[in-house]
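# Coordinate inspection notes
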Amino acid sequence: MPTQQTTLLSPTELAYLHSSLSLNPPLRPDARSPTTFRPLIAETDLLPSTNGSARVCFADGTEGIVGVKADIQKTVLASTQRNGTFKAGENDDVSMGGVGGPQSGLKDEEDIAGPHGEHNWVDVTIDMPGQRDDDSTVVILAQMIHEGLVADGTLPLKLYINRRWHWKLYIDVSDEDPLFNDDWDAALPLYPPYPATSKGKNKEAPATNIPQSSAASSKAPITLLIASVGENIFFDPSREELAVADAVLAVTITSTPPPPSSGIPDQAPTTIKILAIRTIDPPARLSTSSSAALGGEPGFGAEEGKDVGDGWWKPVRGGMKRKVLGKMLEMCVKPGGVGDEVLRGLESFV
Amino acid sequence: MPLDTSLYPLTHLRPDGRRWNELRRLHAQISTNTAADGSSYLEMGNTKVLCIISGPFESRGGGGGRQQQREGPQRENAAIAVEINQAGFAGVERKRKGKGDRRVTEMQNTVASALGTAVFGHLYPHSTISVTLHVLSLDGGLLAACLNAATLAMIDAGVPMKDYVSACTCGLSPLAPSALRGMGDTQDPLLDLNTMEEQELPFLTVATLGAEGDKVVVLSMERRVTVEKMESMLATGIDGCKRVRDLLDQVIRERGARVIADGGGA
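Here is what the cut-offs are and how they apply
- Residues numbered from 1 in each chain as written.
- Chains lettered and ligands numbered in written order.
- Predicted model: local features only at pLDDT ≥ 70, side-chain atom pairs only at ≥ 80, totals over all residues.
- Heavy atoms only, no water.
- Helix = DSSP H or I, 4+ residues; strand = E, 2+ residues; numbered from the N terminus.
- Buried < 20%, exposed > 50% of the residue type's maximum accessible area, 1.4 Å probe, protein only.
- Contact = heavy atoms within 4.5 Å.
- Areas by Shrake-Rupley, 256 points an atom, 1.4 Å probe, with all protein chains shown as cover.
- pLDDT = per-residue confidence, 0-100.
- Salt bridge = Lys/Arg side-chain N within 4 Å of Asp/Glu carboxyl O.
- Core = buried A, V, L, I, M, F, W, Y, C linked by side-chain atoms within 4.5 Å.
- Pairing = 2+ DSSP bridges.
- Axes fitted to C-alpha atoms, helices over the stretch in contact; angles between N-to-C directions.
- Expected span 1.5 Å × (residues − 1).
- Arc of directions from axis to C-beta.
- Left-handed = near helix turned anticlockwise from the far one by under 90°.
- Nonpolar A, V, L, I, M, F, W, Y, C, P; charged D, E, K, R; others polar.
- Parallel < 35°, antiparallel > 145°, perpendicular 65-115°, else oblique.

### Here we look at the overall build of chain B
Of the regular secondary structure elements, chain B holds seven helices and nine strands. The proportion of buried residues among the 266 residues of chain B is 53%. By sequence separation, contacts in chain B at least 24 residues apart represent 70% of the contacts at least 6 residues apart. Element-wise, carbon and sulfur atoms account for 51% of the exposed surface of chain B, whose accessible area totals about 12,700 Å².

### Focus: the confidence of the model for chain B
Residues and elements named next belong to chain B. On average, residues of chain B score 85 in pLDDT, and 86% of them are at 70 or above. This model gives residues 62-69 a pLDDT under 50, and the stretch forms five contacts once residues within four places in sequence are excluded. Scored as a complex, the prediction yields pTM 0.75 and ipTM 0.72.

### A short note on the pattern of salt bridges
Residues and elements named next belong to chain B. Applying the stated criterion across every chain yields a total of twelve salt bridges over all chains. Of the charged contacts, one joins arginine 25 and glutamate 43 as a salt bridge, the two residues approaching to 3.2 Å between their closest N and O atoms. Remark: glutamate 43 occurs in strand 2 (residues 38-44) and arginine 25 occurs in the loop between helix 1 (8-11) and strand 1 (26-30); sequence separation between them is 18 residues. For arginine 25, a relative accessible area of 55% gives the class exposed. Given a relative accessible area of 12%, glutamate 43 falls into the buried group. Between glutamate 43 and lysine 48 there is a salt bridge, with its nearest N and O atoms 4.0 Å apart. With relative accessibility at 7%, the residue lysine 48 sits in the buried group. By sharing partners, the salt bridges in this structure join Arg14, Asp16, Arg18 and Glu197 into a single network.

### Thoughts on the nonpolar core
Soluble globular proteins: nonpolar side chains tend toward being buried together. Formed by 59 residues in total, the largest nonpolar core has its most connected members in Leu42, Val111, Ile129, Val131, Leu133, Leu147 and Met154 of chain B. For this core, the leading source of residues is helix 4 (residues 142-157) of chain B, giving eleven residues. Core analysis: the second largest hydrophobic core is formed by 23 residues, Val138, Tyr160, Trp167 and Ala250 of chain A among them.

### As for unusual backbone geometry
The omega torsion of the bond from asparagine 24 of chain A to proline 25 of chain A falls at -5°, within 30 degrees of zero and hence cis. Relative to the helices and strands, proline 25 of chain A resides in the loop between helix 1 (11-22) and strand 1 (40-44). Within the chain, alanine 31 of chain A stands out as a residue other than glycine whose phi angle is a positive 60°. You will see that histidine 126 of chain B, though not glycine, has its phi angle at about 60°, which is positive. Secondary-structure assignment places histidine 126 of chain B in the loop between helix 3 (102-118) and strand 5 (127-137).

### Here we look at the sheet that holds strand 6 (residues 165-172) of chain B
All names here are of chain B. The four strands are arranged 7-6-8-9 in an open sheet whose pairing can be described as antiparallel. Whereas interior strands pair on both sides, the edge strands pair on one side only; in this sheet they are strand 7 (189-191) and strand 9 (215-221). Here the average twist between neighbouring strands, direction ignored, is 30°. Of the pairings in the sheet, the one linking strand 6 to strand 7 comprises three bridges and is antiparallel in character. Within strand 7, the residue paired with leucine 172 across the bridge is proline 189. In the packing of helix 3 onto the sheet, contacts are made with strand 6, strand 8 (203-209) and strand 9, and the angle to strand 9 comes to roughly 170°. The strands touched by helix 7 (residues 227-261) are strand 6, strand 7, strand 8 and strand 9; relative to strand 6, the strand with the most contacts, the crossing angle is about 140°.

### A word on the sheet that holds strand 5 of chain B
Residue and element names in this part refer to chain B. Across the sheet, which stays open at both edges, the five strands sit in the order 1-2-3-5-4 with mixed pairing between neighbours. The sheet is open, and its two borders are formed by strand 1 and strand 4 (79-86), each paired with just one other strand. Between one strand and the next, the sheet's axes are offset by a mean angle of 15°, whatever the strand orientation. Bridging between strand 4 and strand 5 involves eight bridges; their strand directions are parallel. Looking at strand 5, one finds that isoleucine 84 is bridged to leucine 133. On top of the sheet, helix 4 reaches strand 1, strand 2, strand 3 (47-58), strand 4 and strand 5; it is set at about 150° to strand 2, its chief contact. Across the sheet, helix 7 lies against strand 1 and strand 2, angled at about 35° from strand 1, the strand it touches most.

### Quick notes on helix 9 (residues 322-333) of chain A
Residue and element names in this part refer to chain A. The first and last C-alpha atoms of helix 9 sit 17 Å apart over twelve residues, in line with the 16 Å expected at 1.5 Å per residue. Here helix 9 has its buried residues at Val324, Met328, Leu329, Met331 and Cys332. Considered in projection along helix 9, the buried side chains sweep an arc of 155° and stay on one side of the axis. Facing away from the buried side of helix 9 by more than 90 degrees, the exposed set consists of Arg322 and Lys323.

### So, the pairing of strand 2 of chain B
Residues and elements named next belong to chain B. Most of strand 2 sits out of view: seven of its seven residues are buried. Burial of strand 2 is two-sided: the residues Gly38, Ser40, Leu42 and Met44 facing one way and the residues Ser39, Tyr41 and Glu43 facing the other way are all buried. For strand 1 and strand 2, the ladder comprises five bridges, and the chain directions are antiparallel. Each residue of the ladder has a partner; that of histidine 27, found in strand 2, is glutamate 43. Here seven bridges tie strand 2 to strand 3, and the two strands are oriented antiparallel to one another. Paired with tyrosine 41 across the bridge in strand 3 is leucine 50.

### Observations concerning the environment of glutamate 240 of chain A
Relative to the helices and strands, glutamate 240 of chain A is located in helix 7 (residues 239-243). Considering only alpha carbons, one finds glutamate 240 of chain A and threonine 254 of chain A, 14 residues apart in sequence, at a separation of 28 Å.

### A look at the packing of helix 4 of chain B against helix 7 of chain B
All names here are of chain B. At a minimum axis separation of 11 Å, helix 4 and helix 7 run at an interaxial angle of 30°. With respect to the hand of their crossing, helix 4 and helix 7 are arranged in right-handed fashion. Judged by residue contacts, Asn148, Leu152 and Ile155 of helix 4 engage Val244, Leu248 and Ile252 from helix 7. Partitioned by chemical class, the residues of the contact of helix 4 with helix 7 number five nonpolar, one polar and no charged.

### Brief notes about the side chain of asparagine 194 of chain B
Here asparagine 194 of chain B shows up in the loop between strand 7 and helix 6 (195-200). Beyond its immediate stretch of four places on either side in the chain, asparagine 194 of chain B contacts Asp16, Arg18, Arg24, Asp139 and Gly140 of chain B.

### Thoughts on the packing of helix 3 of chain B against helix 4 of chain B
Residue and element names in this part refer to chain B. Where helix 3 meets helix 4, the closest approach of the two axes is 10 Å, and the angle between their N-to-C directions is 40°. When the axes of helix 3 and helix 4 are compared, the pair comes out oblique. The crossing of helix 3 and helix 4 is right-handed. Side by side, helix 3 and helix 4 meet where Met107, Thr110, Val111, Ala114 and Leu115 of the first sit next to Leu142, Leu143, Cys146, Leu147, Ala150, Thr151 and Met154 of the second.

And the structure:
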């Protein structure tokens, strides 16, 4: 399909790009600094028929539209699950800890009556034009967003109404022009689920679970896409940069409010927590130019990931270095780092 | 439901307060997506559709060979591939449509054939124009909104067309109680129905080509209606199409004026 474009760069162009990105300081094709994001347009609350909606557009035309709908659903009680067709032990969606603690051993229905949440109360689906619903990219991306949302365990908790009923949150992402790289950034608009659900929930849910959710409440997770070339680290890489990246990482972060003792919440540093990390196969390994550079053989060549003097680029093989990984994560979480900056930027929205 | 179309014969006002020949608010934009060849965003009331066009591009896959055979040795006209993507959150209830939904497939074919009559396809032999429509919000007149959005995006993409394909729906108001007593016929045609009206009333979707509205390119109706009513419904529908065309034209002209004011180059 027309939307699924591969970068059409020759091995020589890739080598040039790779070497300019490996410089110290690195030189990005669009002259951004390593931590600068591309300009983007984001808006929320644009669809009246949803509980929450958002749209994010990048300058290159990638666009993601998200609608969140909440629906009341009957809770399948753990006891019914045990007696019924499927067993609770088989799913890994054990009731969230932190409220009642581990509950897998409990026998009495009354014991699980306290507020709890399950991962499958949040449902993420992604629609990409020209892609099958079970396409691996679509499935992995949906899984990744889901993972980031439920990782800290507070979201499903907010969906609890009472023992028998809960909110089911449907998050539908519809992607425009899904260039491979930016799909990951489509996770960005997913922060509105929080205001949307808390609005819906607080109206009707019993007051019992509000203190808990606000105590444990963290900001909506954000997924950052980070690429590395050599020792250099780039945030929000463009398509061309991804084509020569050695390693690509999608890091989902969130910020937790500072402990109340630390004074005025606005000035106290927020702690940034990493919820999920995924490595993404850099397109370099998949692109036609890389296979051409490798001569079509998977195990070919000793010099890799470097431009071999003659301006001929070979994609790197093997994993990423621990040092680089550590540096990436540090840049995400340290106070005043990129993660901090992004989350602060989003505060203007909520 | 407090508002009901059965009140229409009494007040001559529809559930949302419109009269019989009033369109809903039509708001449209073009060039919404900078990277696409052509794009548009169209709202007809609460029906919101986003259209992305890429192309005309050379048909891909297989480097000729098999595809050429399948499509015939000389394909003189550009193929138009339409994909309608209905977001799960579009309706009131969250409903996910599978990729192979038959209603959607039928709409895709309707849009493709309507555009096919308007586009000078012979200028792009052996090529494909891919039209992707995203339905973001659904409140009646989906096919009409898709056709209008696709027309705007086609113009934005710079594909030569004979004229605007403009579409709207037209329904028939319920029978007044007086009519049942033989006191005359009071069924009015109603222009541009919303979901609530669409569910209760028979309606047709009509699309015309050209300012005169004399060429009907799409006429689709899925309900029963007496044949005498058909003429007034069609006439009202075509009249609505004319007004939609003026509105679309206005959008294009405003955009054009802005581009010129900015010194050319969209």
